[in-house]
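Here's the letter readout for the chains.
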Amino acid sequence: MAEAVISSLVLKIGAALASETTKSAASLLLTGMLVMKELMKDISDIKDELEIMQAFLRIAERPKEKDETTKIFIKQTRGLAFDIEDIIDEFTYKLSEEQGGVLPTAIKRYKNIKSWHHLSKKLKDIKIDLQKIMERRTRYDARGMESEAKPRIAVGGSKSRAESAHFVKEDDIVGIDKYRDLLLGWLKDEDEQQRQPMIISVLGMGGLGKTTLVTHVYKIIKATFDACAWITVSQSYETHDLLRQILKEFFREDREKREAPNNIDTMDYRSLVETIRTYLQDKKYILILDDVWSTDVMDNIKDALLNSNSKSRIVLTTRIRDVALLANENHMFEPKPLEADHSWDLFCKNAFWKSANKICPPPLEQCAKKIVEKCGGLPLAIVSIGRLLSFREQTGTEWDKVYKDLEWYLTNNASKLYEKVHDILKLSLDDIPHYPSEIGFLIFVL
């Protein structure tokens, strides 16, 4: 590992520096003084650089952190580390020569001036190479390029995408009747044995339509509850912020239009919990927690919620099975991908949204059906590629090009069908091979 190589090298340089600092001051007053001081400064500088690099590589060499740019950077750094080690070995050898024999150290140092000059120049060249490697890594870092590209082509992160589910027209939702009815049944159930709010979970991979389904049901049933709130949690959340969002959302949806406390943003944890509990007292509420990634979420907010009306409901959507199991197994389900007819219906609604009948023209039907098949029944993939095609010319040539781009990408990525389609949705424009550049448009849904 490069980090281990550099760790050993730092120790070796430290020993060399310690050895040299024990020399008598008189020897440094001779002709070789300036040359030696310059070389010692170069060695000290390179030691500082290597110590910082050692800490960086300790993180960079973790398998989950590696990308191709990082792998190349580590390889080049390891090569420079070996070059530095050769210089330090030569320096140490020359230094030991000065300690033996009958000639005074000052004379030997004078004789070694060319060697010190040579080593100093080599170290300076390595420092320049090291700087270039760092600059190249920054310039061509794929993750940095991705973060720069996304703001130019994305309409928002997972939270804004989830919020957009509130504005999906009912006519544009297909293939969810079975799950809608199941969820509505649980939300309406008034089981007398229930002693605290019922937790319901909807489990499934990204792009399966969990958020659209739950939001659709929420809009249907929220009027039957005394209080309601819909929150996107996502991977990164902070407990205080989550409680603030919940409290604000309850007041925003308050039917009596009561004003929210004006100090919510400055409340501490205890105040937030007490305020939510007071607001929910004697109320039957429904709370949607969308895109939950950690079981800790419920632990962190339960004090505010789980002491209230047993007829209340908390609905989680998640990709993580352990999170889904926060609900009783009798109150969790995993939607399946859309069937072929529903996939086709959803595609036409999005690809031909500009036309009144939203019907695929016969000349495009064969190619369109092949494209829909590639989407594997994933609603997000179908909607995304449908929207992409809605902005293209409705000609066989144009649509066939999109199909070939999609086929090229899926063929060159050896994973399961659903994972392939999902990967397309995650890719930014710069991640996609030059050939299928049009598929980069799909990032607008991320």
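Computed from a predicted model, the values in this text were never measured in an experiment. (Residues numbered from 1 in each chain as written. Predicted model: local features only at pLDDT ≥ 70, side-chain atom pairs only at ≥ 80, totals over all residues. Heavy atoms only, no water.)

A. Looking closely at the overall build of the chain. A count of helical and extended segments in the chain gives 18 helices and 5 strands. Counting over 446 residues, the chain shows a buried share of 44%. With an accessible surface of roughly 23,700 Å², the chain has 52% of that area assigned to carbon and sulfur atoms. (Helix = DSSP H or I, 4+ residues; strand = E, 2+ residues; numbered from the N terminus. Buried < 20%, exposed > 50% of the residue type's maximum accessible area, 1.4 Å probe, protein only. Areas by Shrake-Rupley, 256 points an atom, 1.4 Å probe, with all protein chains shown as cover.)

B. Summary view of the pairing of strand S3 (residues 285–292). Counting buried residues along S3, 8 of its 8 residues qualify, which places the element largely inside the surrounding structure. Here strand S2 (residues 227–234) runs beside S3; their pairing, made up of 7 bridges, is parallel. By the bridge assignment for S3, Ser-234 is matched with Val-292. In this structure, S3 lies alongside strand S4 (residues 313–318), joined through 5 bridges in parallel fashion. For Leu-287, the partnering residue across the bridge sits in S4 and is Ile-314. (Pairing = 2+ DSSP bridges.)

C. Fine view of the sheet that holds S3. Strand order across the open sheet formed by 5 strands is S2-S3-S4-S1-S5, with parallel pairing between neighbours. In this open sheet, the two edge strands, each paired with only one partner strand, are S2 and strand S5 (332–333).

D. Layout of the packing of helix H10 (residues 239–252) against helix H11 (residues 269–280). Interaxial distance between H10 and H11 falls to 10 Å at its minimum, and their mutual angle equals 25 degrees. When the axes of H10 and H11 are compared, the pair comes out roughly parallel. When you trace H10 past H11, the crossing you get is left-handed. Residue-level contacts link Thr-239, His-240, Leu-243, Arg-244, Ile-246, Leu-247, Phe-250 and Phe-251 of H10 to Tyr-269, Leu-272, Val-273, Thr-275, Ile-276, Tyr-279 and Leu-280 of H11. (Axes fitted to C-alpha atoms, helices over the stretch in contact; angles between N-to-C directions. Parallel < 35°, antiparallel > 145°, perpendicular 65-115°, else oblique. Left-handed = near helix turned anticlockwise from the far one by under 90°. Contact = heavy atoms within 4.5 Å.)

E. Local environment of the packing of aromatic side chains. Counted under the stated rule, the structure contains 10 aromatic pairs. Pairing Phe-347 with Phe-352 gives two aromatic rings, centres 6.3 Å apart and planes at 90 degrees, and the pair type is edge-to-face. By relative accessible area, Phe-347 is classed as buried at 0%. Feature note: the residues Phe-250, Phe-251, Tyr-279 and Tyr-285 constitute an aromatic cluster, connected by ring pairs. Positioned above the aromatic ring of Trp-344, the side-chain terminus of Lys-369 is 5.4 Å from the ring centre. (Phe/Tyr/Trp six-rings, centres within 6.5 Å; stacked < 30°, edge-to-face > 60°. Lys NZ or Arg CZ within 6 Å of the ring centre and 35° of its normal.)

F. Broad picture of the pattern of salt bridges. All chains considered together, the criterion is met by 13 salt bridges. The partner of Arg-258 in a salt bridge is Asp-254, and the shortest N-O contact between them spans 2.9 Å. When its relative accessible area of 35% is taken as the criterion, Arg-258 is described as partly exposed. By relative accessible area, which is 3% here, Asp-254 ends up buried. In this structure, the salt-bridge partner of Glu-365 is Lys-369, at a minimum N-O distance of 3.1 Å. In this pair, Glu-365 and Lys-369 are both assigned in helix H15 (residues 362–374), 4 residues apart and thus about one turn of the helix distant. A single salt-bridge network, built from bridges that share partners, covers Lys-222, Glu-249, Arg-252 and Glu-253. (Salt bridge = Lys/Arg side-chain N within 4 Å of Asp/Glu carboxyl O.)

G. Spotlight on the confidence of the model for the chain. In this model, the chain carries a mean pLDDT of 75, and residues with pLDDT of at least 70 account for 64%. This stretch, residues 143–157, has a pLDDT under 50; its non-local contacts, to residues over four places away or in other chains, come to 20 contacts. Counted against residues more than four places away or in other chains, residues 420–424, with its pLDDT under 50, gives 20 contacts. (pLDDT = per-residue confidence, 0-100.)

H. Looking closely at the packing of helix H14 (residues 340–351) against H15. Contact pair H14 / H15: the axes reach a minimum separation of 10 Å and the direction vectors enclose 115 degrees. By the angle between their axes, H14 is roughly perpendicular relative to H15. In terms of crossing hand, the pair formed by H14 and H15 is right-handed. Side by side, H14 and H15 meet where Ser-343, Trp-344 and Phe-347 of the first sit next to Glu-365, Ala-368, Lys-369 and Val-372 of the second. Broken down by class, the residue content of the contact of H14 with H15 amounts to 4 nonpolar, 1 polar and 2 charged. (Nonpolar A, V, L, I, M, F, W, Y, C, P; charged D, E, K, R; others polar.)

I. View of the side chain of Asp-254. Among the structural elements, Asp-254 can be located in the loop between H10 and H11. Polar contacts involving the side chain of Asp-254 include one to the main-chain amide nitrogen of Glu-256, which spans 3.0 Å. Within the local environment of Asp-254, its side chain forms a polar contact with the side chain of Arg-258, the two groups lying 2.9 Å apart. (Polar contact = N/O pair within 3.5 Å; in protein donor to acceptor, adjacent residues only side chain to side chain.)

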